[in-house]
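Analysis of the macromolecular model
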Amino acid sequence: MVRAVGNAGNSEENGETENRAASENGSLRESKVKRKIERPRGTRDFLPDEMEKRRAVERIMREIAESYGYREVCTPTFEHLELFTIKSGEGIIEEIYAFKDKSNRNLALRPELTAPVMRLFVNECSVMPRPLRFYYFANCFRYERPQKGRYREFWQFGVELIGSDKPMADAEVIGLAYRILKELGIDFELHIGHVGILRKLLSNLEPELSLKIFRLIDKEQLDELERLMRGRGLDVLYAKISELISTKGDAGVIEKVREILDSSVNEDLDYLKEVCTLLDSYGVEYVVDMSIVRGLDYYTGIVFEAYAESLGAQKQVCGGGSYRLSHLFGGEDVPSTGFAIGFDRVMEVCRVSPSRKLKVAVVDANCSREAVRLAEMLRDRVKAAVIVDVMGRNLKKQLSHCSDADFAVIVGRKELEGGYYTLKDMRSGEQRKVGFEELVKILSS
Ligand code: ATP
Ligand code: MG
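Residues numbered from 1 in each chain as written. Chains lettered and ligands numbered in written order. Predicted model: local features only at pLDDT ≥ 70, side-chain atom pairs only at ≥ 80, totals over all residues. Heavy atoms only, no water.

Enumeration according to the criterion identifies 30 salt bridges in this entry. When the shortest N-O distance is used, the salt bridge between Arg-54 and Asp-344 registers 3.1 Å. Of this pair, Arg-54 sits in helix H3 (residues 48-67) while Asp-344 is found in helix H13 (residues 343-349), placing the two residues 290 residues apart along the sequence. Take Arg-54: its relative accessible area is 5%, and that puts it in the buried class. The closest approach of N and O atoms between Asp-406 and Arg-427, which form a salt bridge, is 3.5 Å. Of this pair, Asp-406 sits in the loop between helix H15 (395-401) and strand S15 (407-411) while Arg-427 is found in the loop between strand S16 (421-425) and strand S17 (431-434), placing the two residues 21 residues apart along the sequence. For Asp-406, a relative accessible area of 11% translates into the label buried. Here the residues in one salt-bridge network are Arg-55, Glu-58, Arg-62 and Glu-72, joined through shared partners. (Salt bridge = Lys/Arg side-chain N within 4 Å of Asp/Glu carboxyl O. Helix = DSSP H or I, 4+ residues; strand = E, 2+ residues; numbered from the N terminus. Buried < 20%, exposed > 50% of the residue type's maximum accessible area, 1.4 Å probe, protein only.)

Among the 14 residues in the neighbourhood of ligand 1, the closest are listed as Arg-142, Glu-144, Arg-150, Arg-294 and Gln-316. Arg-294 is positioned such that a nitrogen or oxygen atom in its side chain is 2.5 Å from an oxygen atom of ligand 1. Arg-345 is positioned such that a nitrogen or oxygen atom in its side chain is 3.0 Å from an oxygen atom of ligand 1. Within the complex, 86% of the 580 Å² of free accessible area of ligand 1 lies under protein. Counting residues per element, the ones that place at least two in the shell around ligand 1 are strand S6 (153-162), strand S11 (316-324) and strand S12 (335-342). In terms of residue count, S11 provides more of the shell around ligand 1 than any other element does, 3 residues in total. Of the residues that constitute the shell around ligand 1, the class distribution is 5 nonpolar, 4 polar and 5 charged. (Near = heavy atom within 4 Å. Polar contact = N/O pair within 3.5 Å; in protein donor to acceptor, adjacent residues only side chain to side chain. Areas by Shrake-Rupley, 256 points an atom, 1.4 Å probe, with all protein chains shown as cover. Nonpolar A, V, L, I, M, F, W, Y, C, P; charged D, E, K, R; others polar.)

It is worth spelling out the sheet that holds S6 at this point. Strands belonging to one sheet form pairs held by backbone hydrogen bonds; the direction of such a pair is parallel or antiparallel. Strand order across the open sheet formed by 9 strands is S1-S5-S6-S12-S11-S10-S7-S9-S8, with mixed pairing between neighbours. What marks the edges here is a single partner per strand, and that holds for strand S1 (71-72) and strand S8 (248-249). Packed onto the sheet, helix H5 (residues 114-125) meets strand S5 (132-141), S6, S11 and S12 and runs at close to 135° relative to S5. Against the sheet, helix H6 (residues 167-183) makes contact with S5, S6, strand S7 (189-194), strand S10 (299-307), S11 and S12, and its axis sits at roughly 10° relative to S12, the strand it touches most. (Pairing = 2+ DSSP bridges. Contact = heavy atoms within 4.5 Å. Axes fitted to C-alpha atoms, helices over the stretch in contact; angles between N-to-C directions.)

So, about the layout of surface pockets. Size it by volume and the second largest pocket reaches roughly 690 Å³. Looking at the lining of the second largest pocket, the elements with two or more residues in it are helix H4 (82-88), helix H7 (195-201), helix H8 (207-218), helix H12 (266-282), S10, S11 and S12. (1 Å grid on protein atoms, 1.4 Å probe; cavity = no way out; pocket = protein on both sides within 12 Å on 5 of 7 lines; lining within 4 Å. Points joined across faces, edges and corners; volume = space filled by probe spheres on them.)

Moving on to the packing of H8 against helix H9 (residues 222-231). Packing of H8 against H9 leaves a shortest axis separation of 9 Å and a crossing angle of 160°. Considering their axes alone, H8 and H9 lie roughly antiparallel with respect to each other. Read as a crossing pair, H8 and H9 show a hand that is left-handed. Between H8 and H9, the residues in contact are Leu-209, Lys-212, Ile-213, Leu-216 and Ile-217 and Glu-224, Leu-225, Leu-228 and Met-229, respectively. For the contact of H8 with H9, the residue count by class is 7 nonpolar, no polar and 2 charged. (Parallel < 35°, antiparallel > 145°, perpendicular 65-115°, else oblique. Left-handed = near helix turned anticlockwise from the far one by under 90°.)

Moving on: the nonpolar core. In this structure, Ile-241, Phe-339 and Val-346 are the most contacted members of the largest nonpolar core, which totals 111 residues. In this view, Ile-241 contacts Leu-198, Leu-201, Leu-202, Ile-217, Leu-225 and Met-229; residues no more than four positions away in its chain are not counted. Membership of the second largest hydrophobic core comes to 21 residues, among which are Val-360, Val-362, Leu-378 and Leu-439. (Core = buried A, V, L, I, M, F, W, Y, C linked by side-chain atoms within 4.5 Å.)

What follows concerns unusual backbone geometry. A cis amide bond links Arg-130 to the next residue, Pro-131, at an omega of 5°. As for its placement among the helices and strands, Pro-131 is situated in the loop between H5 and S5. Although it is not a glycine, Glu-220 adopts a positive phi angle of roughly 55°. Along the chain, Glu-220 turns up in the loop between H8 and H9.

Okay, helix H14 (residues 368-381) next. Given a rise of 1.5 Å per residue, 14 residues ought to cover 20 Å, and the 20 Å separating the end C-alpha atoms of H14 matches this to within 8%. Within H14, burial applies to Ala-371, Leu-374, Ala-375 and Leu-378. Looking straight down H14, one finds that the buried residues subtend no more than 105° of arc, so they occupy a single side. Exposed positions of H14 whose direction lies more than 90 degrees from the buried face are Arg-369, Arg-373 and Asp-380. Where H14 is buried, its residues touch strand S13 (358-364), strand S14 (384-388), S15, S16 and helix H17 (436-444). (Expected span 1.5 Å × (residues − 1). Arc of directions from axis to C-beta.)

In this section: the packing of H9 against helix H10 (residues 235-245). Direction vectors running N to C along H9 and H10 enclose 155°, while the axes themselves pass 9 Å from each other. Overall, the two elements H9 and H10 adopt an arrangement that is roughly antiparallel. The way H9 lies across H10 gives a crossing that is right-handed. In this structure, H9 uses Leu-222, Leu-225, Glu-226, Met-229 and Arg-230 to contact H10, whose residues at the interface are Asp-235, Leu-237, Tyr-238, Ile-241 and Ile-245. Class assignment of the residues belonging to the contact of H9 with H10 gives a composition of 7 nonpolar, no polar and 3 charged.

Take the side chain of Gln-314 next. Checked against the element boundaries, Gln-314 lands in the loop between S10 and S11. Classification of Gln-314 as buried rests on a relative accessible area of 11%. Among the polar contacts made by the side chain of Gln-314, one reaches the side chain of Gln-147 at a distance of 3.4 Å. Non-local contacts of Gln-314, meaning those with residues more than four positions away in its chain, are made with Gln-147, Lys-148, Gly-149, Arg-150 and Arg-345.

Attention now moves to the packing of aromatic side chains. In total, this model carries 10 aromatic pairs according to the counting rule given. Judged by centre distance (6.4 Å) and plane angle (70°), the rings of Phe-78 and Phe-99 are edge-to-face. Here Phe-78, found in strand S2 (residues 78-80), pairs with Phe-99, found in strand S3 (residues 98-100); they are 21 residues apart in sequence, far enough to count as distant. An angle of 85° between the planes, with centres 6.2 Å apart, marks the rings of Tyr-299 and Tyr-323 as edge-to-face. (Phe/Tyr/Trp six-rings, centres within 6.5 Å; stacked < 30°, edge-to-face > 60°.)

In structure tokens, the structure reads:
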């Protein structure tokens, strides 16, 4: 789908040659062949069929989030670069669209929305009664290698539940993500873990080393992990971690983890157990998976991911967890939980068909003024897409060009004089004379 850079280079060269030839002919303005401008690498265009489906999916997500009391927020497309480096470090600049504006400010196109929403919280809502329930649907930008399911502009639907550090909050957010994915007919598996446990195990290591370990676990590079830890003489810790991250199963495995680790993580395990019990009440099916760490992210407690296996390498359709960010942005330290659904990946696997709008063509024989008036009246009264001819075609041609409509309403001299319209059912070809109210009734049924 994405055009290689090399192609763009070639067409540039071709364009130049053509321009030169044209100017030699002395008629540069007329024969200048413009180079076709391609969209930037890693971006996509969406045609109406696709957009209808996207909007239908978006609508379902919004309705479900609203049914849990979440309300939409919107933040700027670009932010101060610092908002994204403050927690993830300067390393993230490689992965995002960072730039300077004309006043030399360091800015970045948002790569995600949790940090922007928490900034909004600190700036605008810190005195509002908590908890706050926000959702967003917006485009994000990352400088990644484009491939199927991985784009440089993509969309996320997500929520942030701000102000609670209780299992009820985490369970609500997970329950909501689960319901959205289920409602969309996606075949997925939800994995849930607790990153606080691994953080505790690594708390005595230098931050840089523990970050490396987190990254390797997130990317499932386990051989590399073993080499790194054994190489530093951390054999005992490696054995523990290796056993921990291979623990997967139902809520019962939480007790197994208790046996592997010491009592310092008991509280975290009790918390995870409580969340699991609540998820049972939500009717959520899950796998407890202690290898979920969410990579570079800012998560501190419960973490979860949903995978749609059929997507292959880019199978993660949702990621989330509990975190603390607001104190980094100048606010107080407020616990929050959120998730982000990868909208474009969901579009690949969801089973949603947009409801098709009735299409009515008002077809006229040299009566365009009457056709416009009728079309306007129908738009007022009927839930349909009503189109009129704008090409100056005759009646016959108009009819043959609207074969994709459900109905054609013919307005000709005969009809005007007789005070009726001719309604043609485009599927059956059947025609009948109708008055305006009857027309409205038929098109509304
Ligand atoms: P991945 O490991 O696939 O890169 P991630 O951990 O970077 O995902 P998050 O930052 O948690 O992902 O973003 C939430 C969701 O957004 C992901 O689960 C994924 O579905 C989607 N997503 C992330 N990056 C992209 C991208 N470049 N193109 C399309 N969707 C993406
Ligand atoms: Mg990523």
